[in-house]
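Coordinates in review
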Amino acid sequence: MNKLKTIGEIGGMPLELDDIEWVDSSVREAFYGLISSLGITAPGSFKLSGCEVTITPNGGNDDYACTEGYICLKGEVYKVDACTVSIDNSPHTQMVIFYPDVTVDLSKPKTFEDTSTHYCYETRKAVLKAVTQASPSIYMDYNAPYLTEVIRNKIIALESNWTLVGTDPAFESGWSNEGGSNEVAAFRIDAFENVTLKGVVTSADPKGNIFRLPAGYRPKYIRTYPCYYGTTHVAISVDTAGYVKVEDLSNTTEPIDLSLITFNTNH
């Protein structure tokens, strides 16, 4: 991440406008670095807080009232002040969007070294706006999702993607699903690289390997878990090669529940 060093330099360093730009870019980099772990890209647009819009019929118009808050619009964070806009509700010829509102503060001129005067303070906010064109170059729907919703949907999408055991990867050593009302064997990985197993498996002649997790789903170190084995517990291990196996074999044929097994691929 960018860092501006303004102290400790011999002679002192003058602060210039491009230095501020450097700091600004470092803040954006940190923000998107934080949310990129969930697959959210910088151009994405979403609400951060507030910005709740309610629609109220008002004669032949619809009034869109927005509370104050913050949004991320095409890679930039904007503050939104409380406001209301109206559109004709019959027929709908306009759409309501969040749009950048950039103004220059004319009350604070700055005098430069060449004695010229310029206005350097720019206020960048977003406003609720009614427009007739279908797709402005920079805009966001008034009912865009919140960041919390985006994150939740990303995680749900990842967590719902279970890989079933049976074909690829296949069961080994005579193991299979217990069947009936029991969950089938499966595994998944979430956005934080946590691997979770589930399902009840059984074997008429229990032997070591139950199945093998593919590359990318394996722990950095061998892990051992106490899993339910009928009326007792049995140790199930997951090694760095991806093998899920029984550590303490016996002659019992009772099923094993794998749902207690979870680990992070970096540990």
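Cut-off values and rules
Residues numbered from 1 in each chain as written. Predicted model: local features only at pLDDT ≥ 70, side-chain atom pairs only at ≥ 80, totals over all residues. Heavy atoms only, no water. Helix = DSSP H or I, 4+ residues; strand = E, 2+ residues; numbered from the N terminus. Buried < 20%, exposed > 50% of the residue type's maximum accessible area, 1.4 Å probe, protein only. Contact = heavy atoms within 4.5 Å. Areas by Shrake-Rupley, 256 points an atom, 1.4 Å probe, with all protein chains shown as cover. Pairing = 2+ DSSP bridges. Patch = residues over 30% accessible without salt bridge, like charges linked within 9 Å, V, L, I, M, F, W, Y side chains within 5 Å. Salt bridge = Lys/Arg side-chain N within 4 Å of Asp/Glu carboxyl O. Polar contact = N/O pair within 3.5 Å; in protein donor to acceptor, adjacent residues only side chain to side chain. Phe/Tyr/Trp six-rings, centres within 6.5 Å; stacked < 30°, edge-to-face > 60°. Lys NZ or Arg CZ within 6 Å of the ring centre and 35° of its normal.

The subject of this paragraph is the overall build of the chain. Secondary structure assignment for the chain yields two helices and 22 strands. Across the 267 residues in the chain, those meeting the buried criterion constitute 30%. Contacts in the chain between residues at least 24 apart in sequence constitute 61% of all its contacts with a sequence separation of at least 6. Counting every atom, the chain has about 15,700 Å² of accessible surface; 53% of that belongs to carbon and sulfur.

To continue, consider the sheet that holds strand β14 (residues 186–189). The four strands lie next to each other as β12-β14-β15-β22, forming an open sheet whose pairing is antiparallel. With partners counted over all chains shown, the strands left at the sheet margins are β12 (163–164) and β22 (262–264), one partner each. Pairing between β14 and strand β15 (residues 194–198): four bridges, direction antiparallel. The residue of β15 that forms the bridge with A186 is K198.

Once that is clear, we can look at the sheet that holds strand β5 (residues 76–80). Spatial ordering of the open sheet is given by β1-β4-β5-β10-β7-β11, a layout of six strands whose pairing is mixed. Each of the sheet's edge strands pairs with one partner strand only, and the pair in question is β1 (46–50) and β11 (140–141). Pairing between β5 and strand β10 (residues 122–131): two bridges, direction parallel. Of the residues in β10, the one forming a bridge with K79 is K125.

Next up on the list: a nonpolar patch on the surface. Taken together, the side chains of W22, V23 and V27 define a hydrophobic patch exposed on the protein surface, amounting to about 270 Å² of accessible area. In this structure, W22 sits in helix α1 (residues 17–35).

On to the pattern of salt bridges, then. Within the structure shown, the criterion is met by seven salt bridges. The closest approach of N and O atoms between D81 and K79, which form a salt bridge, is 2.8 Å. A residue is classified by how much of its surface remains accessible, and D81, at 32% relative accessible area, is partly exposed. Judged by relative accessible area, which is 26%, K79 ranks as partly exposed. The residue D81 makes a salt bridge to K125 at a minimum N-O spacing of 2.8 Å. Separated by 44 residues along the polypeptide, D81 in the loop between β5 and β6 (83–88) and K125 in strand β10 bring together distant segments of the chain. Judged by its relative accessible area of 27%, K125 falls in the partly exposed class.

Assignment of secondary structure puts S237 in strand β19 (residues 232–238). Residue S237 is classed as buried on the basis of its relative accessible area of 0%. One polar contact links S237 to E247, side chain to side chain, over a distance of 2.4 Å. Ignoring any residue separated from it by four or fewer positions in sequence, one finds S237 in contact with I222, R223, T224, Y243, V244, K245 and E247.

This brings us to the packing of aromatic side chains. Summed over the entire model, instances satisfying the criterion amount to three aromatic pairs. Measuring from centroid to centroid gives 5.2 Å for Y64 and Y142, while their planes differ by 80°, and the two rings are edge-to-face. With Y64 in strand β3 (residues 61–66) and Y142 in the loop between β11 and α2 (147–159), this pair connects stretches of sequence that are 78 residues apart. Under the relative-accessibility criterion, Y142 is labelled partly exposed at 21%. Here a set of aromatic residues connected by ring pairs shows up, and it is made of F187, F211 and Y217. For the cation-ring pair, K108 lies above Y121, with the distance from its terminal atom to the ring centre recorded as 5.7 Å.

The next subject is the environment of C227. By the element assignment, C227 lies in strand β18 (residues 223–229). With 19 residues separating them in the primary sequence, C227 and V246 have C-alpha atoms 9.7 Å apart.

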